Amino acid sequence: MKNQWRVIIILILVLLVALFAVVNVNEVPLSLLFTTVHWPLVLVILVSLVAGALITFLVSMGTVMAQKKQQRVEMDVATKKIDDLCEENESLKRRVNNVSNENGQKNHNLEEL
């Protein structure tokens, strides 16, 4: 349901931009560094819209990539910690088994006496 509303809002915004662009069909001068061109206002609006969307996309991709890199680093740290804890767990299990064996031998020696 959330995505449906998002699509509806996007369609309404696109319709408004298209309506605004169609209403403004006059040619306007556009200064491009060393030259001036005369383009229909519709093209200026649409090119500006596409350029803004592209810039927004590129900036957001940079943020997403930085977040993914941070997650990979955190995952590596967590994996290392898990490995260390597993090794410690195995070491403690061996110590418990050794203590149990020693106690069993002591009990056996006491029974023999």
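Our structure is the block above this text.
These numbers come from a predicted model, not from an experiment.

Caption draft 1: Seen up close, the overall build of the protein. Along the protein, the regular secondary structure elements total two helices and two strands. The C-alpha atoms of the protein give 35 Å as radius of gyration, which overshoots the globular expectation for 113 residues (13 Å, by more than 25%). With the C-alpha coordinates aligned to their principal axes, the bounding extent of the protein is approximately 115 × 40 × 5 Å. Counting all 113 residues of the protein, 4% fall into the buried class. Each charge sign in the protein was given a centre, from 11 positive and 11 negative side chains, and these centres are 9 Å apart.

Caption draft 2: Structural view of the environment of S60. By the secondary structure assignment, S60 is in helix α2 (residues 41–112). The class of S60 is partly exposed, set by a relative accessible area of 33%. For S60 and V17, which are 43 residues apart along the polypeptide, the C-alpha to C-alpha distance reads 23 Å.

Caption draft 3: Quick look at the environment of K69. You can see K69 is positioned in helix α2. The exposed category is assigned to K69, whose relative accessible area is 54%. Considering only alpha carbons, one finds K69 and L46, 23 residues apart in sequence, at a separation of 35 Å.

Caption draft 4: Main features of a nonpolar patch on the surface. Where nonpolar side chains cluster on the molecular surface, the patch consists of W5, I8, I9, I12, L13 and L16 and spans about 610 Å² of accessible area. On the secondary structure map, I12 appears in helix α1 (residues 2–23). Look at I12 and you get partly exposed, because its relative accessible area is 46%.

Caption draft 5: Main features of the pairing of strand β2 (residues 35–40). Note that strand β1 (residues 27–32) and β2 share six bridges and pair antiparallel. Considered in β2, the bridge of P29 is made with H38. Remark: two residues form the turn of the hairpin made by β1 and β2, two consecutive strands paired antiparallel; L33 in that turn has positive phi of roughly 50°.

Caption draft 6: View of the environment of K2. Tracing the chain through its elements places K2 in helix α1. For K2, a relative accessible area of 63% gives the class exposed. Placed 74 residues apart in sequence, K2 and D76 show a C-alpha to C-alpha distance of 34 Å.

The rules behind the values
Residues numbered from 1 in each chain as written. Predicted model: local features only at pLDDT ≥ 70, side-chain atom pairs only at ≥ 80, totals over all residues. Heavy atoms only, no water. Helix = DSSP H or I, 4+ residues; strand = E, 2+ residues; numbered from the N terminus. Rg over C-alpha atoms; globule rule 2.2 N^0.38 Å. Buried < 20%, exposed > 50% of the residue type's maximum accessible area, 1.4 Å probe, protein only. Lys, Arg positive; Asp, Glu negative; His and termini not counted. Charge placed at Lys NZ, Arg CZ, Asp CG, Glu CD. Patch = residues over 30% accessible without salt bridge, like charges linked within 9 Å, V, L, I, M, F, W, Y side chains within 5 Å. Areas by Shrake-Rupley, 256 points an atom, 1.4 Å probe, with all protein chains shown as cover. Salt bridge = Lys/Arg side-chain N within 4 Å of Asp/Glu carboxyl O. Pairing = 2+ DSSP bridges.

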